[in-house]
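Residue-level structure breakdown
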Amino acid sequence: MRIDLPGSDPGYYYDPRVTAGMHGEIRLSPRVERHCRCGGRPPYQIFRQPDAEPAWCPCRRYRLKTQEINRLIGSSGIPDPFRYKFLDDFYESFDGKPIEGADRLKRHLRTLIEKSRKVNAPPDAGAHAVASQPIRGYFLTGKPGVGKTYFSYVALNELIFHSGRPGKFISLSKAFFQTLRFAFDENSPMHGKSETFLRTLGNVPFLVIDDFGVQRNTEWELEMLYNLVDTRYANRRFTIVTTNKDIENVKDLAEGRLHSRFIEMCYIIRIHASDFRERTRKEYEI
Ligand SMILES: [Zn+2]
């Protein structure tokens, strides 16, 4: 049994009211609620007649979907305070003055979200849905504190929420490379995991590479990064890179190979807002 929903209703929505913990909740849309006959009790079955075989309640696929989205957001690597932050939480102006680059970014992300909604369409929507999956990501450059990382959290939350597909957030910190190094080390219990690790990151539908440029740029680190970026390029995966570096400065790294990949895979967007961090310190920092 299928519920006939208008195209604008994926069957669920985010309710930002916080009743417990830190976030609001993903709820079933009223249309789905109206069709539910199982009372929301797992495994979401209904019994039409006492001795008949049970059937799945029409709410079931939407309940499973929202559970899956919660699981994906929870395991995305987005720090807890920034999970379930959406476009409405991202401001494109400060004291009435526009933040350069932010409104364009926001508008653009809205169109990507529309596309990812189609990916979430039922399987019989056909190849068109898959073809409209967002592919080209963002290379977000700007000084520290302009909201690049915050925007990337928002984008990742939105894309996971609307597509129901996985996304990951990684920060190119020392710890990241240390983990990777362990995975390559023959004497480490993580040995052999490196391929799985890189393959997962290389293939996940949405990836944020935060703080590009803080790596030490050893040959090994750059090779790892290039492999990751190149795998995503080959797989046509959506990638967001945030960095304090100018795209021109990336030319010197890995013989310019990273630069050319970024240019091919991403829209280059510079965000400029000197006082953004000042105003939103409370919200934007952990
Ligand atoms: Zn139900």
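Here we summarise the structure given alongside this text. For every chain, the first residue of its written sequence is number 1, and the numbers climb from 1 along that sequence. In view of the model being predicted, local features appear only for residues whose pLDDT reaches at least 70, and side-chain atom pairs are presented and counted only at 80 or more, with totals across whole chains, interfaces and linings using the full set of residues.

1. Points about the nonpolar core
In this structure, Leu140, Phe151, Leu156, Ile160 and Val241 are the most contacted members of the largest nonpolar core, which totals 42 residues. Numbering of helices and strands runs from the N terminus, with a helix taken as a DSSP run of H or I at least four residues long and a strand as a DSSP run of E at least two residues long. Looking at this core, the elements with two or more residues in it are α2 (60-74), α3 (102-119), β7 (137-141), α5 (148-163), β9 (206-212), α8 (219-235), β10 (238-243) and α9 (257-265). Dropping the residues within four chain positions of it, Leu140 is found in contact with Lys148, Phe151, Ser152, Ile240, Val241, Thr242, Ile269 and Ile271. Core analysis: the second largest hydrophobic core is formed by five residues, Val32, Tyr44, Cys57 and Cys59 among them. Remark: nonpolar core denotes a set of buried Ala, Val, Leu, Ile, Met, Phe, Trp, Tyr and Cys residues whose joining runs through C-beta atoms within 7 Å. Using C-beta atoms placed from the backbone, we call a residue buried if 20 or more other C-beta atoms fall within 10 Å of its own, exposed if 12 or fewer do, and partly exposed for counts in between. Residue pairs qualify as contacts under a 7 Å threshold applied to their C-beta atoms, which are placed from the backbone.

2. As for the environment of Leu112
Of note, Leu112 is situated in helix α3. Separated by 46 residues in sequence, Leu112 and Glu158 place their C-alpha atoms 9.5 Å apart.

3. Considering the sheet that holds β10
When DSSP finds two or more bridges between a pair of strands, those strands are recorded as paired. Taken together, five strands build an open sheet; the order of strands is β8-β9-β10-β7-β11 and the sheet is parallel. Edge positions in the open sheet fall to β8 (167-171) and β11 (266-270), since each of these has one partner strand only. Neighbouring strand axes in the sheet, compared pairwise and without regard to direction, differ in orientation by 15° on average. Where β7 and β11 come together, five bridges link them in parallel fashion. Of the residues in β11, the one forming a bridge with Thr141 is Arg270. To obtain an axis, a line is fitted to C-alpha atoms, over the contacting stretch when the element is a helix, and the angle between two such axes runs from 0 to 180 degrees between their N-to-C directions.

4. As for the packing of helix α7 (residues 194-203) against α8
Where α7 contacts α8, the axes come no closer than 8 Å and their chain directions differ by 45°. Considering their axes alone, α7 and α8 lie oblique with respect to each other. Of the two elements, α7 crosses α8, and the hand of that crossing is right-handed. From α7, Leu198, Leu201, Gly202 and Asn203 reach across to α8, where they touch Asn227, Leu228, Thr231, Arg232 and Asn235. Note on residue categories: nonpolar means Ala, Val, Leu, Ile, Met, Phe, Trp, Tyr, Cys or Pro, charged means Asp, Glu, Lys or Arg, and polar means any other residue, Gly included. Of the residues assigned to the contact of α7 with α8, the class counts are three nonpolar, five polar and one charged. Angles are sorted into four bins: roughly parallel if under 35 degrees, roughly antiparallel if over 145, roughly perpendicular if 65 to 115, and oblique for all others. The handedness criterion is simple: a crossing whose near helix is rotated anticlockwise from the far helix by less than a right angle is left-handed, and one whose near helix is rotated clockwise is right-handed.

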